[in-house]
Amino acid sequence: DRMRSGAEYADTPMPDSLFDSWPITVDGEVNSPYTALLPDLVKEAEAAGDTVTKVSKEVCNWNGTGAGSVSNVEITGIPVSWLIEKAGGYTDNPDINGVRVMRADGTSKRSFSMDKLNDDEALLVYKMDDEYLGAKQGYPCTNWVEGVDAQVCSKQVDRYVVSSDCPDFTDSQYLFDHHDGSPNGWFNEEGVIVNRPNATILDVPEGLVIETGKPYTFHGYADAYNEEIDYLEFSFDNGETWTKYEVDGSDVNKVVWWNLTWTPPEHGAYTITVRAATVEGSVSYQTHTVMVNAKDEMPAVEDTVVYETKGLVKVDNASDTAA
């Protein structure tokens, strides 16, 4: 993965030959296992009108409160259900319970559930935002499963195995401990998921100065992996009181982006805190708080200082660093 990312940062183009020669195997509990080249599968699926283009969410299992490892993106791919249908469908094994996703370098064999397959929420993705994948996106193709964390979205996937040895996908702790499926959240030492749901305020540097009596719009996101966001709550007094906002029509396959316009009533410092709850009953274990300063008179440009470095204390030499 570091090599792929390095190629992206170095602006090294990926060879077309890799896409043209990339094999995809579908086997396991299917009636007619096969291996086909990726471009041939793409051409066949596109000609049949069976490819899917949609906006979908990807979120890291590690995405913490206040973090940004989450986004909506337009993807284009082939439903894995189509690939399995091409393999003659499933065998009559009653124990089939999922599909394993094999990465070409052998580093992953995570699985996803049959409901994701049957609902066409599992795709072999080869484009994002109408562009072929870049190196760090997993060129030439990546697995994509909607409504769960990205642990099963293996880059450079080359094999799908219909299986009867997949785990219980409702047991998030097991999935977390055994690196299988998608645990849909990060567990702390007490076994509590600390980032489901996750409500975050974006682009507010600590101590941001805003003007008293004038509206200011904050924005951010809320996400709960495989659970649906029900409502958001905001506090401007260190959590003493909360204002609730219902979220209508949220989709577990997309990030909820929110905007909140607030007018500071008087000069002073304020903390803004956000939390969320899901339809399934989960509430934010951690809340996100930022501080802003409301001023009756905004400072003039000539009265401000722009720091050129991330550190507030200038370090001149190694001895100062040691000190």
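Scroll up a little and you will see the structure.
This write-up is about the structure you can find in this document. Everything numeric here is computed off the predicted structure, so don't read it as measured data. (Residues numbered from 1 in each chain as written. Predicted model: local features only at pLDDT ≥ 70, side-chain atom pairs only at ≥ 80, totals over all residues. Heavy atoms only, no water.)

**Comments concerning helix α3 (residues 38-47)**
Item 1. Looking only at α3, the buried set comprises L38, L41, V42 and A45. Angularly, the buried residues of α3 cover 100° about the axis, an arc narrow enough to put them on a single face. Turned more than 90 degrees off the buried face of α3, the exposed positions are K43 and A47.
Item 2. Summarising the contacts, the buried residues of α3 are in contact with α2 (16-20), β1 (23-28), β2 (34-37), β4 (70-79), α4 (80-86) and β7 (122-128).
Item 3. Positioned one or two residues after α3, G49 has a phi angle of 70°, which is positive. (Buried < 20%, exposed > 50% of the residue type's maximum accessible area, 1.4 Å probe, protein only. Helix = DSSP H or I, 4+ residues; strand = E, 2+ residues; numbered from the N terminus. Arc of directions from axis to C-beta. Contact = heavy atoms within 4.5 Å.)

**Overview of the nonpolar core**
Item 1. Among the nonpolar cores identified, the biggest contains 41 residues, and L83, F112 and Y160 are the most heavily contacted of them.
Item 2. In terms of residue count, β7 provides more of this core than any other element does, six residues in total.
Item 3. In this structure L83 touches V26, Y34, L41, I78, L124 and Y160, once residues within four positions along its chain are discounted.
Item 4. Within the second largest apolar cluster, 23 residues are counted, among which are A199, F234, V247 and V256. (Core = buried A, V, L, I, M, F, W, Y, C linked by side-chain atoms within 4.5 Å.)

**A short note on the pairing of strand β9 (residues 142-145)**
Item 1. Of the two faces of β9, the one holding T142 and W144 and the one holding N143 and V145 are both buried throughout.
Item 2. As defined by bridge partners, β7 adjoins β9 across four bridges and the pair is classed as antiparallel. Looking at β9, one finds that L124 is bridged to N143. (Pairing = 2+ DSSP bridges.)

Fair warning: the whole summary comes from geometry, so function is off the table for now.
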